[in-house]
Amino acid sequence: MKSLIASVAIGVGALAAPVTAVAQDQSLSYVLVSHAPDSDTWWNTIKNGIALAGDQMGVEVEYRNPPTGDIADMARIIDQAAASSPDGIITTLADFDVLKGPIQNAVDQGIDVIIMNTGTPEQAREVGALMYVGQPEYDAGFAAGQRAKGEGVTKFLCVNHAIQQPTVGERCRGYADGLGIELGDAMMDSGTDPAEIKNKVMAYLSANEDVDGILTLGPVSADPTIAALDEMGLAGEIHFGTFDLGEEIVKGIKGGTINWGIDQQPFLQAYMPVIILANWDRYGVLPGNNINSGPGFVTASGLEKVEEHAGEYR
């Protein structure tokens, strides 16, 4: 990082001598481990977030993930990352039971850990992490359900493409509670294959014609659901909310197929942990609490910045 030179004024009209910041130690290194498969392009924003933070802070950053999204493989990657002795590990906590051991082992080795994106503040504390940066999933789902209730939804389908990740399902549970409806069988295990998701959504809606609301949990499930509604002639006729943003989701919001998207701001989930760890290692300063990166509702009236930075920072 380049040295910064700043002049500061002390008192009224009195100029202090220039203060020169010492060039930062660039030997710090951090590894971000996610649960995302290579096919999930939503995580490109995460990669951009750590890259920018690494450049700005003058530290080395690396992104690692299980190519197929296998959680057991992710656990091994965390072990491998810890064995390389980085200064810090930033990781999702997609399955607490599977991942808590490797994370705790890293902490026991003296490696600072921040949990991001998936997991909870309580789980982060239990594994010994410094903090949690992300979106409280149940709370976000509850807010979505309350909003959908106010917009007339009485019966819904929640399309869950990540059923193996318990915290993601909290979005569906929160949504049901926000609506004041029992979840029951409204949460669909859709899988991740686009054609299969589309067919499952079409079959469910055909068998449950009184469904007037759909919630999807990200582009993986949203994009095929958009296609299903288009094919069934229901685009714009059924209330449609989704988590996260993506190219097709933005088009859907703009065109009226999707009422709103819930932005958890993935850029911040990657960017902030690098900034925090670097300042922690250099100066011993740490925010006093966890950081909620979302939820924020994006509607057609708020798409300008989203479209400008879609796939890069949004």
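Residues numbered from 1 in each chain as written. Predicted model: local features only at pLDDT ≥ 70, side-chain atom pairs only at ≥ 80, totals over all residues. Heavy atoms only, no water.

**A word on the pairing of strand β11 (residues 239-243)**
Alright, step 1. Taking burial as the measure, the five residues of β11 include five buried ones, the bulk of the element.
Alright, step 2. Of the two faces of β11, both are covered, the one formed by His-239, Gly-241 and Phe-243 as well as the one formed by Phe-240 and Thr-242.
Alright, step 3. Both strand β10 (residues 213-216) and β11 contribute to a ladder of four bridges, which runs parallel. When the sheet's bridge partners are listed, Leu-215 is paired in β11 with Gly-241.
Alright, step 4. Here β11 runs beside strand β12 (residues 260-263); their pairing, made up of three bridges, is parallel. Pairing of Phe-243 across the sheet is with Ile-262, part of β12.
Alright, step 5. Crossover handedness for the path β11 to helix α9 (residues 247-255) to β12: right-handed. (Buried < 20%, exposed > 50% of the residue type's maximum accessible area, 1.4 Å probe, protein only. Helix = DSSP H or I, 4+ residues; strand = E, 2+ residues; numbered from the N terminus. Pairing = 2+ DSSP bridges. Right-handed = clockwise from strand over helix to strand, strands pointing away.)

**Structural notes on unusual backbone geometry**
Alright, step 1. The peptide bond linking Gly-294 to Pro-295 adopts the cis configuration, its omega dihedral lying at 10°.
Alright, step 2. With respect to the helices and strands, Pro-295 occurs in the loop between β13 (291-292) and β14 (296-298).
Alright, step 3. If you check the backbone angles, Ser-85 has positive phi at about 55° while not being a glycine.
Alright, step 4. If you trace the backbone, Ser-85 turns up in the loop between α2 (71-83) and β5 (88-91).
Alright, step 5. Positive phi outside glycine occurs at Gln-265, with the angle close to 55°.
Alright, step 6. Within the secondary structure, Gln-265 sits in the loop between β12 and α10 (266-283).

These figures come from the coordinates and say nothing about function on their own.
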